[in-house]
Amino acid sequence: MLGQVLARGGRLPCVDCARAIATSSADMVNRAAKYRSTRDRSQLLTYDMAMRPHHIGVKKAWLTWHSQNLEEFRQQQPVTLTQDEIVRRFIRGFFPQHVVVHGNEVVIKRRGNVLFVSGFLQYSKRLDHRRIYWMFGFVEEFLSLVLKQPVKLELAFVETEDDVAYNYI
Amino acid sequence: MNRIRGVLSVRNGSSLAEKLREATGEGVRRKAVERTNAVETDASGEPFREAWLMPKRKLRGQLQIEQATGRTVVEQKSRMDIHERLAVRRPRAEEMSADQDWTNVWPAARSFNASVVPLPIRMSYRRHPDKRAPFKKYGNLELVKIPNFLHLTPAAIEKHCLVIKKFMTPYPPELLADPSLADKELPIKVTCSSYVHQGTNIRDMRSRVITMRVNVDALNLDGRAKEKLLRLAGRRYDEVNNLLTIVTDRCHTRKQNLDYAYYLLTKIEKWEELKLRQDDVKVYFSGSQGEKQLVNLLAKTINNPALKTPLKDLGDKPTAEQILQHEKVKDFAETWYKYRNTMELVEPETEDVTREYGRKMRELLGLAKKSAHTTQQQSSSSSS
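Bear in mind the structure is a predicted one, so any value in this text is a computation, not a measurement.

Draft legend 1. Geometry of the overall build of chain B. Of the regular secondary structure elements, chain B holds 17 helices and 4 strands. Across the 384 residues of chain B, 22% fall into the buried class. Across chain B, the fraction of contacts at a sequence separation of at least 24, relative to all contacts at a separation of at least 6, is 49%. Carbon together with sulfur atoms contributes 55% to the accessible area of chain B, which is approximately 29,900 Å² in total.

Structure below.
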């Protein structure tokens, strides 16, 4: 930061001048939701990644479905948002070998008081059925206790990540 | 060479054999002649054009050449055990028969599952869908995202209805025959709304509100009782369709509000002592200022020889009661009442009504009828 300022020939900021230090993260609008293409076209893009943020609701749907944003039905928007983040992080951390595209694409739907988690997992070479069934049961039980409402997993398995690939760039 | 030819003769149908034959120089001329002659045409004279299709993947030979020259690196995958591979089940959708019971396959609401749904579905956006088909069914997250109605097939709904049929009673046939009977026999209609949220909260403040509609005619009230009810109701009464609407939302639960609505219907208040003429729902002729003035005027009119009023038969000095009891005055009082209490929505005030009122007044006072000439003149002046 200091080096940049000096290189540009700017004034040296005084030590107690808090304005010179930006603590918030840069928003990088021109880079958001854009993926670098590779020479050998090996960068996998799912449909969700290939479509831009402004295509949400037009070419692609939402990753979370609930009625808390509807007019006259706003009761617990922040709670919903927090629950979504908890579920996503937990799925990502609990199935590290099985998640596709780094576990970014987990669909969360709410129906009544039940929270449904759907999306795709991959086999990753060998799939131990008994282990995976236990893990599913554990996730449902654990998240139900944490969120104080029933949680159901509707995750489907694909063989490899290539099955969800929409495009390679 | 001879031996090779023998082998070639076995594979006469193969194009590779032809290529080799061409390479050895044999039969080239013959082939060329045949090709020029063998141009097939169909009925409309169009020649048959051969389609040259190349596989999209790289062929094995091409891959081997690229590998040998070091242009590509083909990674070797470890292959699963043959028994393990055979044990992997094909998607369930491929085994389904056309006459299966779908309601057993998909009994309840669920996210889309490609291996279960035997429909050839694709879903995604493509700029040119004819060049490149939309994204396939397997591994398609868009299909998973959208809510589906695969559990609400007509067969499933029929099944559901058959199951809950035993809890139903037949709709009253009398009401089917005569729908207007519903208003008469069931005069009270109670409306309330239930709200379902996605979340753990089942409460909603709006669900406690009760709206009760009562047809006032069905209560069989006499004039006094009806007036009392309408006085209490105020603006809750709609004169046009004769409905009394009571909305209660002051209690915490729906049950309490419903009870309160019924309580309001039976509420009793002392009101007649407090009532004044201004409080009347309608304007009545008896006791009005107009009544007094009319009696005074008519008393003077009777004594005036120039006016031919029909009240002359009452004598020279009739009392106020006598005047009011006269048939013509009663008739006028009725017209007056109607004229003052015009209901805009039912029968709006028109020129004819006003003219009728004027005619009766003139008759009562014994004034001369308006001649056609004066009427015309007046109407023309009013129109201009």
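Draft legend 2. Focus on the confidence of the model for chain B. All names here are of chain B. Averaged over every residue, the pLDDT of chain B is 83; residues scoring 70 or more account for 87%. The secondary-structure element of chain B with the lowest mean pLDDT is helix 1 (residues 2-10), recorded at 43, while helix 8 (residues 154-164) shows the highest, at 96. For the stretch residues 377-384, pLDDT sits under 50, and the model shows 1 contact to residues farther than four places along the chain or on other chains.

Draft legend 3. The pattern of salt bridges, seen in detail. Per the counting criterion, the structure on display carries 19 salt bridges over all chains. Its salt-bridge partner being A:Arg110, residue A:Asp84 comes within 3.1 Å of it at the nearest N-O pair. With A:Asp84 in helix 3 (residues 77-94) and A:Arg110 in strand 3 (residues 106-111), this residue pair connects regions lying 26 residues apart in the sequence. As far as the burial class goes, A:Asp84 and A:Arg110 line up, both buried. Between B:Asp217 and B:Lys226 there is a salt bridge, with its nearest N and O atoms 4.0 Å apart. Classification of B:Lys226 by relative accessible area gives partly exposed; the value is 26%. Several salt bridges share partner residues, and in doing so they unite B:Lys328, B:Glu356, B:Arg359 and B:Glu363 into one network.

Draft legend 4. Representation of the side chain of B:Asn148 in the model. Residues and elements named next belong to chain B. Tracing the backbone through its elements, the reader meets Asn148 in the loop between helix 7 (141-145) and helix 8. A polar atom in the side chain of Asn148 sits 2.9 Å from the backbone oxygen of Arg110. Within polar-contact distance, the side chain of Asn148 engages the backbone nitrogen of Leu150 at 3.3 Å. When near neighbours in sequence (up to four residues on either side) are disregarded, Asn148 contacts Trp106, Arg110, Ser111 and Phe112.

Draft legend 5. Broad picture of the sheet that holds strand 4 (residues 114-122) of chain A. Residues and elements named next belong to chain A. The 4 strands lie next to each other as 2-3-4-5, forming an open sheet whose pairing is mixed. Across the chains shown, the open sheet's two edge strands, defined by having one partner strand only, are strand 2 (64-65) and strand 5 (151-158). Packing against the sheet, helix 3 makes contact with strand 2, strand 3, strand 4 and strand 5, and its axis sits at approximately 135 degrees to strand 3. Relative to strand 5, helix 4 (residues 129-147) is tilted by about 145 degrees, and along the sheet it contacts strand 4 and strand 5.

Draft legend 6. Geometry of the nonpolar core. Residues and elements named next belong to chain A. Within the largest apolar cluster, 19 residues are counted, with the highest numbers of intra-cluster contacts made by Val87, Ile91, Phe95, Val117 and Leu155. Looking at this core, the elements that each hand over two or more residues are helix 3, strand 3, strand 4, helix 4 and strand 5. Among the elements that make up this core, the one with the highest residue count is helix 4 (6 residues). Excluding its chain neighbours within four sequence positions, the residues that come into contact with Leu155 are Ile91, Phe95, Val117, Ser118, Gly119, Phe120, Leu121 and Phe136.

Draft legend 7. Examining the packing of aromatic side chains more closely. Under the criterion given, the structure shown has 19 aromatic pairs over all chains. Considering the side-chain rings of A:Phe95 and A:Phe136, the 5.7 Å spacing of their centres and the 75 degrees angle between planes classify their relative orientation as edge-to-face. Note that A:Phe95 is positioned in the loop between helix 3 and strand 3 and A:Phe136 in helix 4, a separation of 41 residues in sequence. Comparing A:Phe95 with A:Phe136, the two get one shared label, buried. Between B:Tyr284 and B:Tyr337, the ring centres sit 5.7 Å apart and the planes meet at 15 degrees, which makes this aromatic pair stacked. In this pair, B:Tyr284 sits in the loop between helix 12 (254-265) and helix 13 (289-303) while B:Tyr337 sits in helix 15 (residues 327-340), placing the two residues 53 residues apart along the sequence. Of the residues examined, B:Tyr337 reaches a relative accessible area of 29% and is grouped as partly exposed. Positioned above the aromatic ring of A:Phe73 is the side chain of B:Arg206, whose terminal nitrogen or guanidinium carbon lies 5.3 Å from the ring centre.

Draft legend 8. Seen up close, the sheet that holds strand 4 (residues 243-248) of chain B. Residue and element names in this part refer to chain B. Taken in spatial order, the 4 strands make up an open sheet running 1-2-4-3, and their pairing is antiparallel. Whereas interior strands pair on both sides, the edge strands pair on one side only; in this sheet they are strand 1 (188-191) and strand 3 (237-238). Bridging between strand 2 (residues 210-215) and strand 4 involves 6 bridges; their strand directions are antiparallel. Counterpart to Arg213 in the pairing with strand 4 is Thr245.

Draft legend 9. Quick peek at the environment of B:Ser288. Residues and elements named next belong to chain B. In this fold, Ser288 is placed in the loop between helix 12 and helix 13. Not counting chain neighbours up to four residues away, the residues in contact with Ser288 comprise Arg277 and Trp336. At 2.6 Å, the side chain of Ser288 forms a polar contact with the backbone oxygen of Phe285. Among the polar contacts listed, one links the side chain of Ser288 to the backbone nitrogen of Glu291, at a separation of 3.2 Å.

Draft legend 10. Local environment of helix 15 of chain B. Its 14 residues place the ends of helix 15 of chain B 20 Å apart at the C-alpha level, agreeing with the 20 Å of an ideal helix rising 1.5 Å per residue. On its buried face, helix 15 of chain B sits against helix 13, helix 14 (320-325) and helix 16 (351-365) of chain B.

Draft legend 11. Main features of the pairing of strand 2 of chain B. Judged from the 4 bridges that link them, strand 1 of chain B and strand 2 of chain B form a sheet pairing that is antiparallel. Looking at strand 2 of chain B, one finds that B:Lys189 is bridged to B:Arg213.

Draft legend 12. The arrangement of the interface of chain B and chain A in detail. At the junction of the two partners, chain B supplies 31 residues and chain A supplies 37 residues. Interface area, chain B with chain A, both sides summed: about 2,900 Å², of which 51% is carbon and sulfur. Summed over the shared surface of chain B and chain A, the result is 2 salt bridges. Residue B:Arg206 is joined to A:Glu72 by a salt bridge in which the shortest nitrogen-to-oxygen separation is 3.4 Å. The tally of links from chain B across to chain A stands at 21 residue pairs in polar contact (both at pLDDT 80 or more). It is helix 7 of chain B that provides the largest number of residues to the side of chain B that touches chain A, a total of 4 residues. Partitioned by chemical class, the residues of the side of chain B that touches chain A number 11 nonpolar, 10 polar and 10 charged.

Draft legend 13. View of a nonpolar patch on the surface. All names here are of chain A. The grouping of Ile86, Trp134, Phe138, Phe142 and Val146 at the surface amounts to a nonpolar patch, some 440 Å² of accessible area in total. Residue contributions to the nonpolar patch peak at 4 residues, all from helix 4. Following the sequence through the fold, Phe138 ends up in helix 4.

Criteria and thresholds
- Residues numbered from 1 in each chain as written.
- Chains lettered and ligands numbered in written order.
- Predicted model: local features only at pLDDT ≥ 70, side-chain atom pairs only at ≥ 80, totals over all residues.
- Heavy atoms only, no water.
- Helix = DSSP H or I, 4+ residues; strand = E, 2+ residues; numbered from the N terminus.
- Buried < 20%, exposed > 50% of the residue type's maximum accessible area, 1.4 Å probe, protein only.
- Contact = heavy atoms within 4.5 Å.
- Areas by Shrake-Rupley, 256 points an atom, 1.4 Å probe, with all protein chains shown as cover.
- pLDDT = per-residue confidence, 0-100.
- Salt bridge = Lys/Arg side-chain N within 4 Å of Asp/Glu carboxyl O.
- Polar contact = N/O pair within 3.5 Å; in protein donor to acceptor, adjacent residues only side chain to side chain.
- Pairing = 2+ DSSP bridges.
- Axes fitted to C-alpha atoms, helices over the stretch in contact; angles between N-to-C directions.
- Core = buried A, V, L, I, M, F, W, Y, C linked by side-chain atoms within 4.5 Å.
- Phe/Tyr/Trp six-rings, centres within 6.5 Å; stacked < 30°, edge-to-face > 60°.
- Lys NZ or Arg CZ within 6 Å of the ring centre and 35° of its normal.
- Expected span 1.5 Å × (residues − 1).
- Buried area = accessible area lost by both parts, 1.4 Å probe.
- Nonpolar A, V, L, I, M, F, W, Y, C, P; charged D, E, K, R; others polar.
- Patch = residues over 30% accessible without salt bridge, like charges linked within 9 Å, V, L, I, M, F, W, Y side chains within 5 Å.

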